[in-house]
Amino acid sequence: MNIYLGCTVRGDRSTLDVVRHMARRLQAAGHVVLTTHLLEDDVEGDERARSSQEVYERDLAWVESCDILIAEASGSSYGVGFEVGYLLGRAPQSGQRAYVFYRRDRHDTVSRLISGLTNACGRVYPYSSTADVDAALREIPGLGVR
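Residues numbered from 1 in each chain as written. Predicted model: local features only at pLDDT ≥ 70, side-chain atom pairs only at ≥ 80, totals over all residues. Heavy atoms only, no water.

Student: Whenever I open this one, helix H1 (residues 16-28) confuses me. Can you help?
Tutor: What sets the pattern is the α-helix's 3.6 residues per turn: residues three or four places apart point alike. With 13 residues, H1 should reach 18 Å at 1.5 Å per residue; the first-to-last C-alpha distance of 18 Å fits that figure. Leu16, Val18, Val19, His21, Met22, Ala23, Arg25 and Leu26 are the residues of H1 that are buried. (Helix = DSSP H or I, 4+ residues; strand = E, 2+ residues; numbered from the N terminus. Expected span 1.5 Å × (residues − 1). Buried < 20%, exposed > 50% of the residue type's maximum accessible area, 1.4 Å probe, protein only.)

Below, the structure is given as structure tokens:
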């Protein structure tokens, strides 16, 4: 599967280790993670070489082409929220699904539009540890993460 793995680029990147863990697990299960460049420490420097319009067009093309969007939403990020909303808006026709993770101890600071996600094409997973993340990834149909 092609997976769009979303995380904040300009917001709080303190959960980057968890996102990298997710990417490794997904790749080990044979999936293509379209957004591995987001996991680099200097991603903002690399992204600065592109115009905002180029990033928008590239990322939306990836969202439109992915089978599943998995996002880490603990850090404040308008982009992640936009990506999730965009995918969910087209999911009934496209068959795509969105799975959103956030740190349980940040529940009171995560947007209620994320923590309250109830949609037939999406699910939210609060987590406290990478063991929680692994358990959630195992639940997602078709991933085959062990």
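Student: What's the story with the packing of helix H3 (residues 52-65) against helix H4 (residues 78-94) in this structure? I'm lost.
Tutor: Pairs of packed helices are described in terms of their axes, by the angle between the two and the distance that separates them. Orientation of H3 relative to H4, taken along the N-to-C sense of each, is 45 degrees, at an axis distance of 10 Å. As the angle between them shows, H3 and H4 are arranged oblique. Along this stretch, H3 crosses H4, giving a crossing that reads as right-handed. Touching Tyr56, Asp59, Leu60, Val63 and Glu64 of H3 are Phe82, Glu83, Tyr86, Leu87 and Arg90, all from H4. Residues that form the contact of H3 with H4 fall into these classes: six nonpolar, no polar and four charged. (Axes fitted to C-alpha atoms, helices over the stretch in contact; angles between N-to-C directions. Parallel < 35°, antiparallel > 145°, perpendicular 65-115°, else oblique. Left-handed = near helix turned anticlockwise from the far one by under 90°. Contact = heavy atoms within 4.5 Å. Nonpolar A, V, L, I, M, F, W, Y, C, P; charged D, E, K, R; others polar.)

Student: How do you make sense of the confidence of the model for the chain when you look at a structure like this?
Tutor: As a note on interpretation, predicted positions should not be read in detail where pLDDT is low. Mean pLDDT over the chain stands at 91; residues scoring 70 or higher make up 100%. Looking over the chain, one finds the lowest element-wise mean pLDDT in helix H2 (residues 43-47), namely 73, and the highest in strand E2 (residues 32-33), namely 97. (pLDDT = per-residue confidence, 0-100.)

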